[in-house]
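Overview (structure and organization)
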Amino acid sequence: MLLLVVHIATRLISFGDSATGKSIKDPISVADTVFIRADRSEFANTGRKEMRISLPQTPSLLTQELQQNAHFFKEYGVSGSATVSKRGADATQTQVLWNGLPINHPMLGMMDFNSVGVFGMEELVVIEGGNSAIYGSGSVGGTVMLNNRIQYNTPLKVQGSYDRNSLNNQQASLAIRKGWYNAYINVTGAWMDRQNQFEYVDPILQKKRRSFNSELESRNIRLVSAVQNAAHQLKFISELGTVNRGLGFLLGADNPLGSQFDWHSRQLLQYDFQQKDLNFSQKIGHTYDQLVYQAQDQAGDTSQAEMTFLQSEWYINSRWGRALFGLDYQIQKGNSQAYEGRKQRVLPAFFSAWKANHLNFSYLINARYEFHEGVFTSGLGTQTKLNSKLTFKTDIHRSFRRPTLNDLYWSAPNRQHLEPEMGWGGEMGIAWQPNQKGKIRGNLELTPFYRELNNPIIWLPSGTFWSARNLDYGTYLGMQVHAHVYMEWGKLKWNLSDDFEYVYSQVRASKNTAFYHQIFVPDVMNSFKIEGMCNAWAAKFQWQQVGNRYTASDNSQFLPMYSLFSMEASYSTQLLKDFDNTRVKCAFGIQNLSNTIYQNMPGRPMPPRNMYLNLTLAF
């Protein structure tokens, strides 16, 4: 595939670079290409709460970036897997996209966020609520998108960073990028070595101990490249990554829990065509994930998951509105020692959407048909501008999630027939955005939401075996609040933000049983940040709060609420006086400032207070 890309890129560049593309309405320059603007997310966010985060160009995990914005993760210790909970949904009910490709593990149905390094990705987008009509199975509680940008006409830039903390964790990164008139290339690499050495008090053994079997080492390299000529663009993105980890330990135990080695490969070849009122995008993608699990003193397991994608999208603009038509074709393959042979399924789907504006009112209608299950999903979103400062939003949608390969094929006695998860949800929102030109400005958004789900899938033990089963019904309701204030006083600038979420989540096993609060879903999540900047100096303080989480299905046991405080101070300056693009930044921070003792999952202690130092150089 790489040879094909090089061949086509050479031919495109040889056509000449004098032509420029055109947007839907106005001519634009090559450097302001519209290709990256033809994206499904514009047909998924009307009437919804959306968050766009510019990712830092230093090594970090996806868990770190989302936890800073009131997202909760079930972390099986510092080196174990981390799965997200969106609006009370399970991890399998949150869809993760990598440059438009759904990358939830087809066997597990979820994404381990502790295995996702974000260095080299420029944009993180989170759209709350179900979006099955646009993104398909799994988009029930929310959708998380990781995107790379194409930046033509940009100077050569080399950037490296290194940091280390008091847990004996260290990480390094290097990025090289250059944008020409009609070509772009960006190569990034990151390495993390997390020893996670800390002391904790074991409440079972009543003594202080040191963490063990908690190392996590990851490596990631990514290539982003693109060429364009007139109305054509070709983009190729390739990523390889490995994660080698110990799976930690349990409180009161002396034996480690085993180890796991993961490696993944993600490839995307994308062709874009844009002319007047038509945008066309064709994606060919492939992902491969291998997990090698080794239990302590027991036989392990090796699983291999593979997905192949064909995605065609047509964007059509008219004086009445903007339309989207598309075809998704996905092949999933999975193999495990717990399967009765290699499994495969083919998943074609057709989707469409219509978006239009009339005066201060805009609306979105979208729909999708899954041929494999014969399932139809749809959604309707609206936004009404009440005045220059207030906007009222509404959304109602139908959600869908198919059983994973493990749900269907994992060897277990008396394995049950599983039904897909089906349901509907809705939300309303009021967004207030006062004067955005003064020295004090900001915004406030309130979003109550509600969701119902039939046939939620859960894994339960049957003797010594575990297997997937359908529950009967679940309801999920809550409120999200986002507030942001920006202030200027001379050279001093302040950013204050708060993200709050309350969730009331109840499920029942059958019509004859009582409802119970869904286990491991916190009732409250909150994240408050304050940042100050003055010339080359900057400082930030953050407070995170995670509410009670039930650990027993009868709600008789729970993990208590905890709060975490962190702070960072940094200094950034020009490295060489004669070169504006040479910068150096040094940052010092303290995490878990109050030295809180807490657990995200029972028996898995998390780190106490720790400090870190970061150095970043850019040329």
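Worth saying up front: this structure is predicted, and the values here are computed from it rather than measured. (Residues numbered from 1 in each chain as written. Predicted model: local features only at pLDDT ≥ 70, side-chain atom pairs only at ≥ 80, totals over all residues. Heavy atoms only, no water.)

**Here we look at the overall build of the protein**
The test is simple: Counting from the N terminus, the helices are the DSSP runs of H or I reaching at least four residues and the strands are the DSSP runs of E reaching at least two. This radius of gyration counts C-alpha atoms alone. The globule rule is 2.2 Å times how many residues there are, raised to the power 0.38. Burial classes follow relative accessibility: with a 1.4 Å probe on protein chains only, a residue under 20% of its type's maximum area counts as buried, one over 50% as exposed, and anything between as partly exposed. Two residues form a contact once any of their heavy atoms are found within 4.5 Å. Method for areas: the Shrake-Rupley scheme with a 1.4 Å probe, in which residue coverage is limited to the protein chains shown.
Across its full length, the protein carries four helices and 36 strands. Over its C-alpha atoms the protein spans a radius of gyration of 24 Å, differing by no more than 12% from the 25 Å that the globule rule assigns to 619 residues. Counting only C-alpha atoms, the protein reaches 70 × 60 × 55 Å along its principal axes. Counting the 619 residues in the protein, one finds 53% classified as buried. By sequence separation, contacts in the protein at least 24 residues apart represent 62% of the contacts at least 6 residues apart. Surface accessibility of the protein: about 27500 Å² in total, with carbon and sulfur atoms responsible for 58%.

**Brief notes about the nonpolar core**
Across soluble globular proteins, nonpolar side chains show a tendency to be buried alongside one another. Note the cut-off: To qualify as a nonpolar core, a set must consist of buried Ala, Val, Leu, Ile, Met, Phe, Trp, Tyr and Cys residues joined through side-chain atoms within 4.5 Å.
Leu62, Leu66, Trp98, Phe113, Leu124 and Leu146 are the most contacted members of the largest nonpolar core, which totals 30 residues. At the level of secondary structure, the elements contributing two or more residues to this core comprise strand 1 (50-54), helix 2 (62-67), strand 3 (82-85), strand 4 (94-98), strand 6 (123-128), strand 7 (142-147), strand 13 (216-229) and strand 17 (301-317). Within the second largest apolar cluster, 14 residues are counted, among which are Ala38, Phe43, Leu97 and Tyr135.

**What to know about a nonpolar patch on the surface**
Inclusion rule: Distance thresholds for patches are 9 Å for like charges and 5 Å for nonpolar side chains (Val, Leu, Ile, Met, Phe, Trp, Tyr), applied to residues having over 30% relative accessible area and no salt bridge. Take a side-chain nitrogen of Lys or Arg and a carboxyl oxygen of Asp or Glu: if they are within 4 Å of each other, that pair is a salt bridge.
On the surface, Leu278, Trp314, Ile316, Phe325, Leu327, Phe350, Tyr369, Phe371 and Phe376 cluster together to form a nonpolar patch covering roughly 790 Å² of accessible area. Only strand 17 and strand 18 (322-335) provide two or more residues apiece to the nonpolar patch. The residue Phe371 is located in the loop between strand 20 (361-370) and strand 21 (375-385) in this model.

**Overview of the pairing of strand 12 (residues 207-210)**
Selection rule: Any two strands are treated as partners once DSSP identifies two or more bridges connecting them.
Sheet analysis places strand 11 (residues 199-202) next to strand 12, joined by four bridges and oriented antiparallel. Paired with Tyr200 across the bridge in strand 12 is Arg209. Joining the antiparallel neighbours strand 11 and strand 12 is a turn of four residues, in which Gln206 adopts a positive phi near 55°.

**Looking at the sheet that holds strand 1**
Pairing is mixed in the open sheet, where five strands are placed in the order 1-6-7-4-5. Each edge of the open sheet is held by one strand with a lone partner, namely strand 1 and strand 5 (101-102). Both strand 4 and strand 7 contribute to a ladder of five bridges, which runs parallel. Bridge assignment links Thr94 to a residue of strand 7, and that residue is Gly142.

**Some thoughts on the pattern of salt bridges**
In a structure, side chains of opposite charge can pair up when their charged atoms sit close to one another. Within the structure shown, the criterion is met by 25 salt bridges. Between Glu427 and Arg87 there is a salt bridge, and its shortest N-O distance comes to 2.8 Å. Placement of Glu427 in strand 23 (residues 421-432) and of Arg87 in the loop between strand 3 and strand 4 is noted, with a sequence separation of 340 residues between them. Given the relative accessible area of 3%, Arg87 is considered buried. For Asp254, the salt bridge identified is with Arg209, shortest N-O distance 2.7 Å. Placement of Asp254 in the loop between strand 14 (232-246) and strand 15 (259-275) and of Arg209 in strand 12 is noted, with a sequence separation of 45 residues between them. The exposure class assigned to Asp254 is exposed, which follows from its relative accessible area of 57%. Sharing partners across several salt bridges, the network here consists of Arg40, Glu313, Asp328, Arg368, Glu370, Glu373 and Arg402.

**What to know about the packing of aromatic side chains**
Using the following cut-off: Pairing of aromatic side chains here covers Phe, Tyr and the six-membered ring of Trp, requires ring centres within 6.5 Å, and sorts the geometry by plane angle: under 30 degrees stacked, over 60 edge-to-face, intermediate tilted.
Counting across every chain of the model gives 17 aromatic pairs. One aromatic cluster is present, built from ring pairs that chain together Phe198, Tyr200, Phe212 and Phe249.

**Some points on the environment of Phe72**
Of note, Phe72 is situated in strand 2 (residues 72-75). Under the relative-accessibility criterion, Phe72 is labelled buried at 2%. In this structure, the C-alpha to C-alpha distance between Phe72 and Lys86, residues 14 residues apart in sequence, is 7.7 Å. Residue contacts for Phe72: discarding those within four places in its chain leaves Thr83, Val84, Ser85, Phe520, Pro522, Met525, Val546, Arg549, Tyr562 and Asn600.

**Describing the environment of Met525**
Take Met525: it is sitting in strand 30 (residues 524-534). C-alpha of Met525 to C-alpha of Phe500: the two residues are 25 residues apart in sequence and 5.8 Å apart in space. When residues no more than four places from it in sequence are discounted, the contact partners of Met525 are Ala70, His71, Phe72, Asp499, Phe500, Glu501 and Gln545.

**Description of the side chain of Glu427**
The condition is simple: Here a polar contact is recorded for every N or O atom pair within 3.5 Å, except that within protein the pair must consist of a potential hydrogen donor and a potential acceptor, and residues adjacent in sequence are included only if both atoms are side-chain atoms.
Residue Glu427 is classed as buried on the basis of its relative accessible area of 5%. A polar side-chain atom of Glu427 sits 2.8 Å from a polar atom in the side chain of Arg87. The residues touching Glu427, leaving out its near neighbours within four places in the chain, are Gly47, Arg48, Lys49, Arg87, Glu128, Gly129, Lys393, Thr394, Asp395, Thr447, Pro448 and Phe449.

**A look at unusual backbone geometry**
Phi angles above zero are rare outside glycine, and Asn153 is one such case at about 55°. Here Asn153 shows up in the loop between strand 7 and strand 8 (154-165). The exposure class assigned to Asn153 is partly exposed, which follows from its relative accessible area of 40%. The phi dihedral of Ala230 is positive, around 55°, even though this residue is not glycine. Among the secondary structure elements, Ala230 is positioned in the loop between strand 13 and strand 14.

**Points about the state of the cysteines**
Applied cut-off: A pair of cysteine sulfur atoms is labelled a disulfide when the two atoms are within 2.5 Å.
All told, the structure shown has zero disulfides when counted by the stated rule. Cys534 takes part in no disulfide bond, and the closest cysteine sulfur to it belongs to Cys586, at a distance of 18 Å. The class of Cys534 is partly exposed, set by a relative accessible area of 30%. Overall, Cys586 belongs to the partly exposed group, its relative accessible area being 36%.

**Considerations on the confidence of the model for the protein**
Fine structural detail should not be taken from predicted coordinates in areas where pLDDT scores are low. Quick reminder of the rule: You can read pLDDT as the predictor saying how much it trusts each residue, on a scale of 0 to 100.
Of all residues in the protein, 92% attain a pLDDT of 70 or more, and the chain-wide mean is 87. Taking the mean pLDDT of every element in the protein, the minimum, 36, falls on helix 1 (residues 2-14) and the maximum, 97, on strand 20. For residues 1-36, every residue scores under 50 in pLDDT, and the model assigns this stretch 66 contacts once sequence neighbours within four places are set aside.

**Regarding the environment of Tyr315**
Structurally, Tyr315 can be placed in strand 17. Judged by its relative accessible area of 0%, Tyr315 falls in the buried class. In this structure the C-alpha to C-alpha distance between Tyr315 and Leu278, which are 37 residues apart in sequence, comes to 5.7 Å. When residues no more than four places from it in sequence are discounted, the contact partners of Tyr315 are Ala38, Asp39, Arg40, Glu42, Phe43, Asp277, Leu278, Asn279, Arg322, Ala323 and Leu324. One polar contact links Tyr315 to Glu313, side chain to side chain, over a distance of 2.5 Å.

**With respect to the pairing of strand 17**
Pairing analysis gives 16 bridges linking strand 16 (residues 278-294) to strand 17, with the strands arranged antiparallel. Across the sheet, the residue bridging to Asp289 is Ala305, located in strand 17. The pairing of strand 17 with strand 18 spans 14 bridges and is classified as antiparallel. Following the sheet pairing, Tyr315 is matched in strand 18 by Leu324. The turn joining strand 17 and strand 18, which pair antiparallel and follow one another in sequence, is formed by four residues.

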